[in-house]
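Architecture at a glance
Given next are the chains, with one letter for each unit.
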Amino acid sequence: MSTILFNRITLIGIGLIGSSIARDIKALGLAHEVVISTRSEATLKRAEELGLGDRYTVSAAEAVRDADLIIVSVPVGSSGTVAEQIAPNLKPGAILTDVGSTKASVIAQMAPHVPEGVHFIPGHPLAGTEKSGPDAGFAGLFRGRWCIFTPLPETDETALGKLRDFWIALGSRIDEMDPQHHDKVLAIVSHLPHIIAYNIVGTADDLETVTESEVIKYSASGFRDFTRLAASDPTMWRDVCLHNKDAILEMLARFSEDLAYLQRAIRWGEGDKLFELFARTRTIRRSIVQAGQDVDAPDFGRHALDK
Ligand SMILES: NC(=O)C1=CN([C@@H]2O[C@H](COP(=O)(O)OP(=O)(O)OC[C@H]3O[C@@H](n4cnc5c(N)ncnc54)[C@H](O)[C@@H]3O)[C@@H](O)[C@H]2O)C=CC1
Ligand SMILES: O=C(O)C(=O)Cc1ccc(O)cc1
């Protein structure tokens, strides 16, 4: 059964996240009309070939005319440019949101451009893959996953409720946080793992005594998991690093200290220290599985839509 939540939805940026949202809107019948805009002609053409929307334009300013919901899904470093382009054509009462992986910087870039009467509600769905572009998206990506809102103090409750209903329709669970806290939490659970992955794969690639073909041939599953993360989009992750600089540097400092502790325990043969840490961290994995956040589990994400 379809429930129209918005008359016209405009999607700016139609990569992995934007195209997954587009597929869900269509599958669930959440809008009368979907307008798609992206910077590159080639990507826009591909979105049209895939039938992701009803209208297509490279002009973000044109795309937002008369839109009731605008979702910006571009690399976080481009948020300010997009906000500046669309600001003059945003309809009073419209809801403007984003999906960026960092929040304080996105707010700083976008909020100054948002006209009075437009409801700007920053958001971040905690769902994705290492792939990018319109072909990489898929319906159901957000099922069972968290979507975090970082509303501004003046945010209108009715607009917040409408955006909440939209993400719930996509199967997400909603949380709210202040942007600085969001950026710290995400620095440790998402940004650092990607940085560590880029680093370890880079280190393996630089080794003089182990060849690239040996790395590929003998890659154990642990290393393979890192290569998946390290295959993530370079533009997106460059922007995340530059736009969550303080929180990432804080977490990297903690990480380096803890790594030095491990390094020392290995050097001095302190097996009890190694064992104590490895036993403690094992329980975190168990807690994730118990909390239903294990995406590898066969029924992951079914609870929200299938009830
Ligand atoms: N990839 C992931 O797993 C997740 C990504 N995010 C966030 O979602 C946003 C989008 O990421 P993806 O969809 O993965 O990236 P993507 O690279 O697949 O798609 C980005 C899209 O933005 C467009 N674009 C870039 N600059 C633009 C501009 N100035 N004006 C208009 N369009 C522009 C590109 O043409 C492309 O269509 C990023 O802010 C990212 O931090 C959030 C959750 C998960
Ligand atoms: O591919 C993965 O494992 C991810 O962690 C995807 C992801 C990337 C960035 C986000 O802001 C949220 C989710």
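Residues numbered from 1 in each chain as written. Chains lettered and ligands numbered in written order. Predicted model: local features only at pLDDT ≥ 70, side-chain atom pairs only at ≥ 80, totals over all residues. Heavy atoms only, no water.

The chain appears in an unreviewed UniProt entry as Prephenate/arogenate dehydrogenase family protein from Rhizobium helianthi.

Within the structure, ligand 1 sits among 25 residues, and Leu16, Ile17, Val74, Ser101 and Gly133 are positioned closest to it. Here an oxygen atom of ligand 1 sits 3.0 Å away from a polar atom, N or O, in the main chain of Ile14. The backbone of Gly15 places a nitrogen or oxygen atom 3.4 Å from an oxygen atom of ligand 1. Against a free-state accessible area of 830 Å², the protein chains account for coverage of 90% of ligand 1. For the shell around ligand 1, the elements supplying multiple residues, two or more each, are helix 1 (16-28) and strand 7 (123-125). (Near = heavy atom within 4 Å. Polar contact = N/O pair within 3.5 Å; in protein donor to acceptor, adjacent residues only side chain to side chain. Areas by Shrake-Rupley, 256 points an atom, 1.4 Å probe, with all protein chains shown as cover. Helix = DSSP H or I, 4+ residues; strand = E, 2+ residues; numbered from the N terminus.)

Attention now moves to unusual backbone geometry. One non-glycine residue, Asp66, lies in the positive phi region at around 65 degrees. By relative accessible area, which is 41% here, Asp66 ends up partly exposed. (Buried < 20%, exposed > 50% of the residue type's maximum accessible area, 1.4 Å probe, protein only.)

What follows is about the nonpolar core. By size, the foremost hydrophobic cluster in this structure holds 35 residues, and its most contacted members are Ile9, Leu11, Ile21, Ile25, Phe166 and Trp167. Mapped by element, the contributors of at least two residues to this core are strand 1 (6-12), helix 1, strand 2 (31-37), helix 2 (41-49), strand 4 (69-72), strand 8 (146-149) and helix 6 (157-169). Among the elements that line this core, the one with the most residues is helix 6, at six residues. When sequence neighbours within four positions are dropped, the list of residues in contact with Ile25 reads Ile9, Leu11, Leu30, Ala31, Val34 and Phe166. Ile12, Val64, Ala83 and Phe120 belong to the second-largest nonpolar core, a separate cluster that totals 21 residues. (Core = buried A, V, L, I, M, F, W, Y, C linked by side-chain atoms within 4.5 Å. Contact = heavy atoms within 4.5 Å.)

A few words on the side chain of His191. Its location among the elements puts His191 in helix 7 (residues 179-206). Overall, the relative accessible area of 0% leaves His191 in the buried class. Side-chain polar atoms of His191 contact the backbone oxygen of Ser101, separated by 3.3 Å. In contact with His191, not counting residues within four places along its chain, are Ser101, Thr102, Leu186, Trp237, Val240, Asn244 and Ile248.

Judged by pairing direction, the sheet is parallel, and its six strands sit side by side in the order 3-2-1-4-5-6 without closing on themselves. Edge positions in the sheet fall to strand 3 (55-57) and strand 6 (119-121), since each of these pairs with one other strand and no more. For this sheet, the mean angle separating the axes of adjacent strands, direction not counted, is 20 degrees. Of the strand pairs in this sheet, strand 4 and strand 5 (residues 95-98) are connected by four bridges, and their pairing is parallel. The partner of Val72 across the bridge, within strand 5, is Asp98. Contacting strand 2 and strand 3, helix 2 crosses the sheet at an angle of about 170 degrees to strand 3. (Pairing = 2+ DSSP bridges. Axes fitted to C-alpha atoms, helices over the stretch in contact; angles between N-to-C directions.)

Attention shifts here to the confidence of the model for the chain. The share of residues in the chain with pLDDT of 70 or more is 95%, and the mean pLDDT across the chain is 94. Contacts for the low-pLDDT stretch residues 303-307, under 50 throughout, to residues beyond four places or in other chains number eight contacts. Confidence estimates for the predicted assembly give a pTM of 0.95 and an ipTM of 0.99. (pLDDT = per-residue confidence, 0-100.)

As paired elements, strand 7 and strand 8 share three bridges and run antiparallel to each other. Each residue of the ladder has a partner; that of Gly123, found in strand 8, is Phe149.

Our next topic: helix 11 (residues 245-267). Here helix 11 spans 32 Å end to end across 23 residues, near enough to the 33 Å set by a 1.5 Å rise per residue. Listed in full, the buried residues belonging to helix 11 are Ala247, Ile248, Met251, Leu262 and Ala265. Positive phi appears at Gly269, one or two residues downstream of helix 11, with a value of about 65 degrees. (Expected span 1.5 Å × (residues − 1).)

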